[in-house]
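# Close look at the chain arrangement
Read off the chains here:
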Amino acid sequence: LLAKTIPGNTGEMSLYLQDKQNFRTKLQGLWYTFSRYSLNDFSGNKVADLLMGVSTQEIDILFNNMKIIFGGFAFGGLILAIIFGFISSSGFTRPIENLTRAADRLASGDFTARVKSDGRGELVNLIDTFNEMAADLEDYRGKLLENERLAAFSTMARKVAHEIKNPLTPIKIAVEDLRRAFDSRDPNFEQALEQSTRTVLEEVGS
C-alpha cells in the first residue's frame, strides 16, 4: 500500500489486501468496508490498485439501536420500521451504486467517469473527492500522452541529425584534401580534384 487517505497504520490494511476484492476491517476503532479495483494502462497491463474504503461505523451503530428499539415494539411498530428502513436505505445505496459503477469505468480505462451529486447527504464529500481524483487522472493521462509525443519527436530529430552528419564528414575531409593539394601546388592536383569532387557529389546525393 503506497498511499492512503484513511487514518491508521498502513500495515493494518496491507494485511487484508492479498488478492481479495472486498473486505471489512477495523481501523482505529472504526469499521470500514473496502473494495479493490485494478487500474490498467493503455496496453491492458495493471499499473496500480485503487483501494476505496467507506466507514460503516455509523451505520452499524444505527442498526444496533434499531434492533433494540424493534425488540420492544409491537408488530405494527416493526412493520413501520421496516418501511422506513426500506425508504431510507434506497436513498443511501443509490449513490453508492453510482459510485461503484463509476469506479468500474475508471478501472477499465474510462477517465471521463464522473458521479452526479445531488448536493445533500453524507456521501457528497466522497463523491466530490472521487470526481476530483478522476479529473486528476484524466489530466495526468493527457500529460503522459504529450510526453510520449515529445519523446517520439526527440528520437526522430536525433536520427535525422545523425543521418545528415554521416555524409558531412567525408565531404569536409574531401574539401580539406583539395584545399591542401591546391595550396601546396601538388602536381597531382587534377587527380585530387577529380576524386574530391566525386566524393562530394556522392555524399550530397546520399
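Quick notes on the rules
- Residues numbered from 1 in each chain as written.
- Predicted model: local features only at pLDDT ≥ 70, side-chain atom pairs only at ≥ 80, totals over all residues.
- Heavy atoms only, no water.
- Helix = DSSP H or I, 4+ residues; strand = E, 2+ residues; numbered from the N terminus.
- Contact = heavy atoms within 4.5 Å.
- Pairing = 2+ DSSP bridges.
- Axes fitted to C-alpha atoms, helices over the stretch in contact; angles between N-to-C directions.
- Buried < 20%, exposed > 50% of the residue type's maximum accessible area, 1.4 Å probe, protein only.
- Phe/Tyr/Trp six-rings, centres within 6.5 Å; stacked < 30°, edge-to-face > 60°.
- Lys NZ or Arg CZ within 6 Å of the ring centre and 35° of its normal.
- Core = buried A, V, L, I, M, F, W, Y, C linked by side-chain atoms within 4.5 Å.

What follows is about the side chain of N131. Considering the arrangement of structural elements, one finds N131 in helix α4 (residues 124–183). Beyond its immediate stretch of four places on either side in the chain, N131 contacts R114 and V115.

This part takes up the sheet that holds strand β2 (residues 30–40). Taken in spatial order, the 3 strands make up an open sheet running β1-β2-β3, and their pairing is antiparallel. Where the open sheet ends on each side, the last strands, each with one partner, are β1 (22–27) and β3 (46–55). Strand-to-strand, the axes of this sheet are offset by a mean angle of 35 degrees, without reference to chain direction. In this structure, β2 lies alongside β3, joined through 9 bridges in antiparallel fashion. Note that in β3 the partner of T33 across the bridge is V54.

All right, on to the environment of S55 then. Along the chain, S55 falls in strand β3. We classify S55 as partly exposed; its relative accessible area is 33%. Counting along the chain gives 29 residues from S55 to K26, while the straight-line C-alpha distance between them is 9.3 Å. Those residues in contact with S55, other than ones at most four positions away along the chain, are L30, W31 and Y32.

Here the focus is the packing of aromatic side chains. Inspection of every chain in the model, using the stated rule, returns 1 aromatic pair. Geometry around F182 places R185 over its ring, the cationic atom sitting 5.4 Å from the centre.

Counting residues in hydrophobic clusters, the biggest one holds 16 residues, and the most contacted among them are Y37, M52, V115 and F130. Contributing elements (two or more residues each) for this core: β2, β3, α3 (75–107) and α4. Examining the composition of this core, we find that 5 residues originate from one element, α3, more than from any other. Sequence-distant contacts of V115, defined by excluding residues within four places in its chain, comprise N98, L99, A102, I127, F130 and N131. By size, the runner-up hydrophobic cluster in this structure holds 5 residues, among which are I6, F23, L27 and Y32.

Before going further, it helps to examine the pairing of β1. Side-chain alternation along β1 places F23, T25 and L27 on a buried face and N22, R24 and K26 on a face that remains uncovered. As judged from the 6 bridges shared by β1 and β2, these two strands associate in the antiparallel manner. Among the inter-strand pairings, K26 is bridged to a residue of β2, identified as W31. Counting the residues in the hairpin turn of β1 and β2 gives 2 residues, including Q28, whose phi is positive at 50 degrees.

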